Protein chains: 2
Amino acid sequence: MTGEEARERFAAGRVARLGTVDPRGRPHIVPIVFALDGNTIYSVVDDKPKRTVELQRLRNVRSNARVAVLVDRYDDAEWAALWWARADGSARVLEPDAAEAERAIALLAARYPQQRAAGAVLAIDVERWSGWSAR
Amino acid sequence: MTGEEARERFAAGRVARLGTVDPRGRPHIVPIVFALDGNTIYSVVDDKPKRTVELQRLRNVRSNARVAVLVDRYDDAEWAALWWARADGSARVLEPDAAEAERAIALLAARYPQQRAAGAVLAIDVERWSGWSAR
């Protein structure tokens, strides 16, 4: 799969999984909803009681900015249709009142009307798109 | 969510995402199918043309055994039903002819009749189960 095709498939995904590395070198994964703008992925922690998780994710990228984000399709009944698309890049933590954060929250609200965004926005500058497809 | 509930939800999942850390400290994620036996997760690379990806995953755990594995539920129409369950642990790469590998492949074949297992088996000894639910 070309990088451009991986980017297109990723962009259409509704949920992704974010991989970060903690200060002790251990991997961490959480599901995220996201919006893609060019080659920047935006994600914001929803206003739900999961403060500890949020802090882990943010703490990780503050000590190691490298992240991987995965979108994939799984179908028990049709393994020939499986694919995944991955973004490798670097994360920045935006303050809620930054102009870029406000734009990100607007993009996310347009894509997920059900989200009540709150807190810091994660901006991930993608350096490499890759993917795999069973077909 | 208690660790036991996270383990139960995880066990029922059909697909998971495996997070590892590469020798340069960068996170890596791929989707995997798996079988859970007690507190050990087994996964084997399917017989498909993705040798490079397999090598990345195995190379990573050989240099840093720490892994995170995530099972989650996403539903655009019902965010109140979202949840995730995560396993944090250490990975071992089994040789295909090891007794534990043969047992793992049998467990995987029972769970995924469509899989044609080939190559090294990853055994992940889970040290911590955690999870989150919107409800």
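Scoring rules and cut-offs
Residues numbered from 1 in each chain as written. Chains lettered and ligands numbered in written order. Predicted model: local features only at pLDDT ≥ 70, side-chain atom pairs only at ≥ 80, totals over all residues. Helix = DSSP H or I, 4+ residues; strand = E, 2+ residues; numbered from the N terminus. Rg over C-alpha atoms; globule rule 2.2 N^0.38 Å. Buried ≥ 20, exposed ≤ 12 C-beta atoms within 10 Å, placed from the backbone. Contact = placed C-beta atoms within 7 Å. Least-squares fit on C-alpha atoms with pLDDT ≥ 70 in both. Expected span 1.5 Å × (residues − 1). Arc of directions from axis to C-beta. Nonpolar A, V, L, I, M, F, W, Y, C, P; charged D, E, K, R; others polar. Pairing = 2+ DSSP bridges.

Colleague: Looking at this structure, I do not really get the overall build of chain A. What am I missing?
Modeller: In terms of regular secondary structure, chain A is built from three helices and seven strands. Sequence-ordered secondary structure for chain A, helices as α and strands as β, is α-β-β-β-β-α-β-β-α-β. A compact globule built from 135 residues should have a C-alpha radius of gyration of about 14 Å, and chain A, at 15 Å, falls within 12% of that. The principal-axis extents of the C-alpha atoms in chain A amount to approximately 45 × 35 × 25 Å. For chain A, the proportion of its 135 residues judged to be buried stands at 40%. Excluding contacts between residues fewer than 6 apart, the proportion of contacts in chain A whose partners are at least 24 apart in sequence is 71%.

Colleague: I keep staring at the relation of the copies chain B and chain A and nothing clicks. Help me out?
Modeller: The operation relating the pair of chain copies consists of a rotation about an axis and a translation along that axis. Here chain B sits on chain A after a turn of 180° about the axis and a move of 0.0 Å along it, with an RMSD of 0.0 Å. On this basis, the relationship between the two copies can be described by a two-fold rotation axis. Residue by residue, 100% of the interface of chain B is reproduced at the interface of chain A, so both copies engage with the same surface.

Colleague: What is the right way to read helix α3 (residues 99–111) of chain B from this model?
Modeller: Residue and element names in this part refer to chain B. Look at α3: 19 Å from first C-alpha to last across 13 residues, which is about the 18 Å you get at 1.5 Å a residue. Taken as a whole, α3 has its buried residues at A101, A104 and L108. For α3, the angular spread of buried residues about the axis comes to 60°, placing them on one side. Residues of α3 that are exposed and point more than 90 degrees away from the buried face comprise A99 and A110.

Colleague: Just to check I follow, could you spell out the interface of chain B and chain A for this structure?
Modeller: The accessible area lost on association of the parts is a frequent measure of interface size. Taken together, the 30 residues of chain B in the interface contact 30 residues of chain A. Of all the secondary-structure elements, those providing two or more residues to the side of chain B that touches chain A are β1 (16–21), β2 (27–32), β5 (66–73) and β6 (83–94) of chain B. Class assignment for the residues of the side of chain B that touches chain A results in 15 nonpolar, six polar and nine charged.

Colleague: Would you mind going over the pairing of strand β1 (residues 16–21) of chain A with me for this structure?
Modeller: Each regular strand carries side chains that alternate between the two faces of the sheet. Residue and element names in this part refer to chain A. Of all the six residues making up β1, six are buried; the element is thus mostly covered by neighbouring parts of the structure. Judged by which residues are buried, β1 turns out to be covered on both faces: A16, L18 and T20 on one side and R17, G19 and V21 on the other are all buried. The turn joining β1 and strand β2 (residues 27–32), which pair antiparallel and follow one another in sequence, is formed by five residues; a positive phi near 85° is taken by G25.

Colleague: What is the right way to look at helix α1 (residues 3–12) of chain B in this model?
Modeller: All names here are of chain B. Inspection of α1 places A6, R7 and F10 among the buried residues, and these make up the whole buried set. Taken down its axis, α1 places every buried residue within 100° of arc, on the same side. Turned more than 90 degrees away from the buried face of α1, the exposed residues are E4 and A12.

Colleague: I'm lost on the pairing of β1 of chain B in this one. Help?
Modeller: Residues and elements named next belong to chain B. Sheet topology note: the β1/β2 ladder contains six bridges and is antiparallel. Residue G19 lies in a different strand from β2, and its bridge partner there is I29. Pairing analysis gives three bridges linking β1 to β5, with the strands arranged antiparallel. For G19, the partnering residue across the bridge sits in β5 and is A68.

Colleague: Looking at this model, I keep getting lost on the environment of T40 of chain B. Mind explaining?
Modeller: Residue and element names in this part refer to chain B. As for its position among the elements, T40 is in strand β4 (residues 40–46). You can call T40 partly exposed: it has 17 C-beta atoms within 10 Å. Residues T40 and A118 lie 78 residues apart in sequence; the distance between their C-alpha atoms is 19 Å. If we ignore the near neighbours within four places in the chain, the residues touching T40 are A123, I124, D125 and V126.

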